Amino acid sequence: MRSVRGLFVPFLVLALLMSAVSSSGASEAPAGQMTWAVHISLAPTWFDPAETSGIITPFMVLYALHDAVLKPLPGQLMTPSLAESWSMSPDGLVYEFVLRKGVKFHNGEPVTAEDVKFSFERYRGASAKPLKDSVATIETPDPGRVRIRLKRAWPDFMTFYAGATGASWIVPKKYVEKLGDEGFKKAPIGAGPYRFVSYSPGIELVVEAFDQYWRKTPSVKRLVLKSIPDEATRLAALKRGEVDIAYGIRGALAEELRRTPGLTLKPNVGQATFWVNFPDQWDAKSPWHDRRVRLAANYAIDRQAINQADALGYSKITWSIVPSSFEFYWQPPGYSYDPVKAKQLLAEAGYPNGFDAGDYFCDAAITYVGEPVVNYLNSAGIRVKLRPIERAAFFRGWSEKKLKGLIQGGSGAFGNAATRIEAFIAAGGTYVSGSYKDIDGLFLEQANELDARRREAALHRIQQLIHEKAMIAPIWLNAGLSGSGPRVEEAGIGLIAGYAFSAPYEDVRLKGK
């Protein structure tokens, strides 16, 4: 097939000439073991990029086992990885990716254009519909090139493809077809810096260094992700040296960690926003249909007090589901903590004695936010019961619209304002229970708008409407508080801007390595 490279103008052509690549051949053999105490129960769904759920948690595993065409790396959020370069046609309709030569999956098979096409086509996670609906064809002119043709110019194509979804994370076509989806999750193979060794449900995931990884040979031979849901137990394991890094140490325990000799507190304000959803606001019979009730919930929560007590003041009160670092972010005005006004609004809405609001569902790993929020709501007369659910089941239930009452939302996924609005606000989104026509109209308008200023204006207006309608009760931009032990030279936390966990794993190091 004739090359069409001349039809393209470089939009971003980066050869990722990293010092790590040039030195990888001279690096020492991987040695030692690094163990993480993670705050959630690891689920096999996160072993498969096709099922990426629009949150950041799956990437805790993806960054070890798999690799992507492009992905966030230190210094750049859209770094060529399995692709050594990419380009976009002048009309914005065609994207071409040139794959890196010599890259192999863990079973020794080469990464080819067919694997890239296959991985895109089998992707079924969050935002799969808008992403796939934008694509006319995927062509593989040769084993080292992939060409994606869009139906229309879409300024967010790369943001969705290489950031907000798992569609650009590549799995081996022949291997997956041989084992099937469920078989693949039991014995995943990828092209990442670590290969799968074992998984004990509810206990741990073990991976070992893949010494043929293209970017650099990992420093640490074995990584263990150990599920320890209880926060005090995680800290105790860190203090005893049973683990090297512990995620999610909050409040008084974080203070204890900070005071303990040999341990290091590592706060990391990423892009994880938390908020309260009112899924019944579209039901005319529900109290939440009344904007005054939703406003009352907003005034009832003392966010600053929760921040100081729980996050040691490191979290940021931004009043939005969109992280303040994202493109097209609009800064909403805040709500004061005013329990008197909250009760007044409830009385005006016809609930002078408050009302029973049912359940308050939250990710079990984020009960440290749910508990104080529930206490504040109950004090204002909005009587709810906290219902923590293990993370994978929580997001599955939310996406399947099985959770009724209040839902504590949260996402640390990469993207921009449009990707967050698509997943959580606009009609058809993975976690959307209902929507408003004016917001939906503006969202469709901005998706087709190539002028950046007009697009920004539309996305700002959507965020203004979210605030004016009091669609949600924003809580904060979360600060992850983690701890590392005395053996750790580089924990990897904060190396990738906005990312909540350790990565890239090939960059983590033990002392003496």
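**Student:** Teacher, can you tell me more about the overall build of the protein here?
**Tutor:** The secondary structure content of the protein amounts to 16 helices and 21 strands. Taking 513 residues into account, the globule formula puts the C-alpha radius of gyration at 24 Å, and the protein, at 23 Å, falls close to it. Principal axes of the C-alpha set define a box for the protein whose edges measure 70 × 55 × 40 Å. When the 513 residues of the protein are sorted by exposure, 59% land in the buried category. Pairs at least 24 residues apart make up 71% of the contacts formed inside the protein by residues separated by at least 6 positions. Just so you have it, the protein exposes about 19,800 Å², and 52% of that area is on carbon and sulfur atoms. With 61 positive and 53 negative side-chain charges, the protein shows a separation of 1 Å between the mean positions of the two kinds.

**Student:** Got a minute to help me understand unusual backbone geometry in this structure?
**Tutor:** Keep in mind that most residues, glycine aside, have a negative phi and that most peptide bonds are trans. In the segment running from Ala503 into Pro504, the intervening peptide bond is cis, with an omega of -10°. The residue Pro504 is located in the loop between strand S20 (488–490) and strand S21 (509–510) in this model.

**Student:** Hey, could you run me through the sheet that holds strand S14 (residues 245–246) in this one?
**Tutor:** Note: strands within a sheet are paired through backbone hydrogen bonds, in either parallel or antiparallel orientation. Read from one edge to the other, the open sheet built from 10 strands follows the order S11-S12-S13-S2-S14-S19-S15-S18-S16-S17, with strand pairing classed as mixed. Across the chains shown, the open sheet's two edge strands, defined by having one partner strand only, are strand S11 (194–200) and strand S17 (382–389). Here two bridges tie strand S16 (residues 355–363) to strand S18 (residues 406–411), and the two strands are oriented parallel to one another. When the bridges of S18 are listed, Tyr360 appears paired with Leu406. The sheet strands contacting helix H13 (residues 391–399) are strand S15 (264–277), S16, S17 and S18, and the helix crosses S18 at an angle near 110°.

**Student:** Where do I start with the packing of aromatic side chains in this structure?
**Tutor:** The relation between two aromatic rings is expressed through the spacing of the ring centres and the mutual angle of the planes. Under the counting rule described, the total for this entry stands at 34 aromatic pairs. Between Phe47 and Phe196, the aromatic rings sit 6.2 Å apart at their centres with planes inclined by 55°, giving tilted as the arrangement. Placement of the pair is Phe47 in the loop between strand S2 (33–38) and helix H2 (59–65) and Phe196 in strand S11, with a sequence separation of 149 residues. Considered together, Phe47 and Phe196 belong to a single accessibility category, that of buried residues. Ring plane angle 80° and centroid distance 5.3 Å describe the contact between Tyr63 and Trp169, whose orientation is recorded as edge-to-face. With Tyr63 in helix H2 and Trp169 in strand S10 (residues 169–170), this residue pair connects regions lying 106 residues apart in the sequence. For Trp169, a relative accessible area of 2% translates into the label buried. Among the aromatic side chains, those forming a connected cluster through ring pairs are Trp86, Tyr95, Phe97, Phe120, Trp154, Phe157, Phe160 and Tyr161. Between Arg100 and the ring centre of Trp214, over which it is positioned, the NZ or CZ distance is 4.0 Å. A cation over a ring is seen here: Lys469 above Tyr436, with NZ or CZ 4.6 Å from the ring centre.

**Student:** How do you make sense of helix H6 (residues 173–186) when you look at a structure like this?
**Tutor:** Residues spaced three or four apart along an α-helix face the same direction, because each turn holds 3.6 residues. Taking 1.5 Å per residue, 14 residues should reach 20 Å; H6 reaches only 16 Å between its end C-alpha atoms and comes up short. On its buried face, H6 is in contact with helix H3 (113–122).

**Student:** Just checking my understanding: could you explain the pairing of strand S9 (residues 145–150) for this structure?
**Tutor:** Looking along a regular strand, one sees side chains alternate from face to face of the sheet. Taken across its six residues, S9 has five buried, putting it largely inside the fold. Sheet analysis places strand S7 (residues 94–99) next to S9, joined by five bridges and oriented antiparallel. Bridging across to S9, Val98 finds its partner in Arg145. Relative to S9, strand S8 (residues 135–142) is paired through five bridges, and the arrangement is antiparallel.

**Student:** I keep staring at the pattern of salt bridges and nothing clicks. Help me out?
**Tutor:** Close approach of charged atoms lets side chains of opposite charge pair. Going through the model one piece at a time under the given rule, you end up with 34 salt bridges. A salt bridge links Asp156 to Arg455, with the shortest nitrogen-to-oxygen separation between them at 2.2 Å. Of this pair, Asp156 sits in the loop between S9 and helix H5 (157–164) while Arg455 sits in helix H16 (residues 452–468); the two residues are 299 residues apart in sequence, bridging distant segments of the chain. Side by side, Asp156 and Arg455 carry an identical accessibility label, which is buried. Ionic pairing is found between Asp507 and Lys216, a salt bridge with its closest N-O pair at 3.1 Å. In this pair, Asp507 is assigned in the loop between S20 and S21 and Lys216 in the loop between strand S12 (204–209) and strand S13 (222–227), connecting sequence segments 291 residues apart. For Asp507, a relative accessible area of 12% translates into the label buried. By relative accessible area, Lys216 is classed as partly exposed at 22%.

Basis of the calculations
- Residues numbered from 1 in each chain as written.
- Predicted model: local features only at pLDDT ≥ 70, side-chain atom pairs only at ≥ 80, totals over all residues.
- Heavy atoms only, no water.
- Helix = DSSP H or I, 4+ residues; strand = E, 2+ residues; numbered from the N terminus.
- Rg over C-alpha atoms; globule rule 2.2 N^0.38 Å.
- Buried < 20%, exposed > 50% of the residue type's maximum accessible area, 1.4 Å probe, protein only.
- Contact = heavy atoms within 4.5 Å.
- Areas by Shrake-Rupley, 256 points an atom, 1.4 Å probe, with all protein chains shown as cover.
- Lys, Arg positive; Asp, Glu negative; His and termini not counted.
- Charge placed at Lys NZ, Arg CZ, Asp CG, Glu CD.
- Pairing = 2+ DSSP bridges.
- Axes fitted to C-alpha atoms, helices over the stretch in contact; angles between N-to-C directions.
- Phe/Tyr/Trp six-rings, centres within 6.5 Å; stacked < 30°, edge-to-face > 60°.
- Lys NZ or Arg CZ within 6 Å of the ring centre and 35° of its normal.
- Expected span 1.5 Å × (residues − 1).
- Salt bridge = Lys/Arg side-chain N within 4 Å of Asp/Glu carboxyl O.

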